[in-house]
Amino acid sequence: MPQRTGPTPRSCPNCDGFASAAITTGGRDQYGHLHTIAADCPACHGTGTRIVRRDQEGARV
């Protein structure tokens, strides 16, 4: 018998699920490593998913 699961998390439409990115600042340290900063998606705050509300899914209220 199949088991019912909850709704699958939806990908963020702004970042398409890739919520964080490493961006180089252009400089290197004394060991030759690139300086990077992390940038998170402002819409989902770095989670990669959006909140699924029941009324958006078409469920009856």
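Residues numbered from 1 in each chain as written. Predicted model: local features only at pLDDT ≥ 70, side-chain atom pairs only at ≥ 80, totals over all residues. Heavy atoms only, no water.

**Comments concerning the overall build of the protein chain**
Stage number 1. Across its full length, the protein chain holds 0 helices and 4 strands.
Stage number 2. Shown N-terminal to C-terminal, the secondary structure of the protein chain runs as helices and strands in the order β-β-β-β.
Stage number 3. Within the protein chain, the fraction of its 61 residues that count as buried is 10%.
Stage number 4. Counting contacts in the protein chain only where the partners sit at least 6 residues apart, residues at least 24 apart contribute 50% of the total.
Stage number 5. As displayed, the protein chain has an accessible area near 5600 Å², and 51% of this comes from carbon and sulfur atoms. (Helix = DSSP H or I, 4+ residues; strand = E, 2+ residues; numbered from the N terminus. Buried < 20%, exposed > 50% of the residue type's maximum accessible area, 1.4 Å probe, protein only. Contact = heavy atoms within 4.5 Å. Areas by Shrake-Rupley, 256 points an atom, 1.4 Å probe, with all protein chains shown as cover.)

**Section: the confidence of the model for the protein chain**
Stage number 1. Averaged over all residues, the pLDDT of the protein chain equals 79, while 72% of them reach at least 70.
Stage number 2. Per-residue pLDDT, averaged within each element of the protein chain, yields its smallest value for strand β1 (residues 10-11) (80) and its largest for strand β3 (residues 34-40) (92). (pLDDT = per-residue confidence, 0-100.)

**A few points about the nonpolar core**
Soluble, globular proteins show a tendency: their nonpolar side chains are buried together.
Stage number 1. With 5 residues, the main nonpolar core is built from Cys 12, Cys 15, Ala 19, Cys 41 and Cys 44.
Stage number 2. Those residues in contact with Cys 41, other than ones at most four positions away along the chain, are Cys 12, Asn 14, Cys 15, Ala 19 and Gly 46. (Core = buried A, V, L, I, M, F, W, Y, C linked by side-chain atoms within 4.5 Å.)

**Some details on unusual backbone geometry**
Stage number 1. Of note, the phi angle at Asp 16 is positive, near 60°, even though the residue is not glycine.
Stage number 2. Here Asp 16 is to be found in the loop between β1 and β2 (20-28).
Stage number 3. Although it is not a glycine, His 45 sits at a positive phi angle of roughly 60°.
Stage number 4. Within the secondary structure, His 45 is located in the loop between β3 and β4 (49-50).
Stage number 5. Overall, His 45 belongs to the exposed group, its relative accessible area being 64%.

**A word on the pairing of β2**
Stage number 1. Inspection of the sheet shows β2 paired to β3 by 6 bridges, in the antiparallel sense. When the sheet's bridge partners are listed, Ile 23 is paired in β3 with Ile 37.
Stage number 2. Connecting β2 to the antiparallel partner β3 that follows it, the hairpin turn spans 5 residues, and Gly 32 within it adopts a positive phi of roughly 95°. (Pairing = 2+ DSSP bridges.)

**So, the environment of Tyr 31**
Stage number 1. Turning to its location among the elements, Tyr 31 is positioned in the loop between β2 and β3.
Stage number 2. Here Tyr 31 falls in the exposed class, since its relative accessible area comes to 64%.
Stage number 3. At a separation of 3.3 Å, a polar atom in the side chain of Tyr 31 contacts the side chain of Gln 30. (Polar contact = N/O pair within 3.5 Å; in protein donor to acceptor, adjacent residues only side chain to side chain.)

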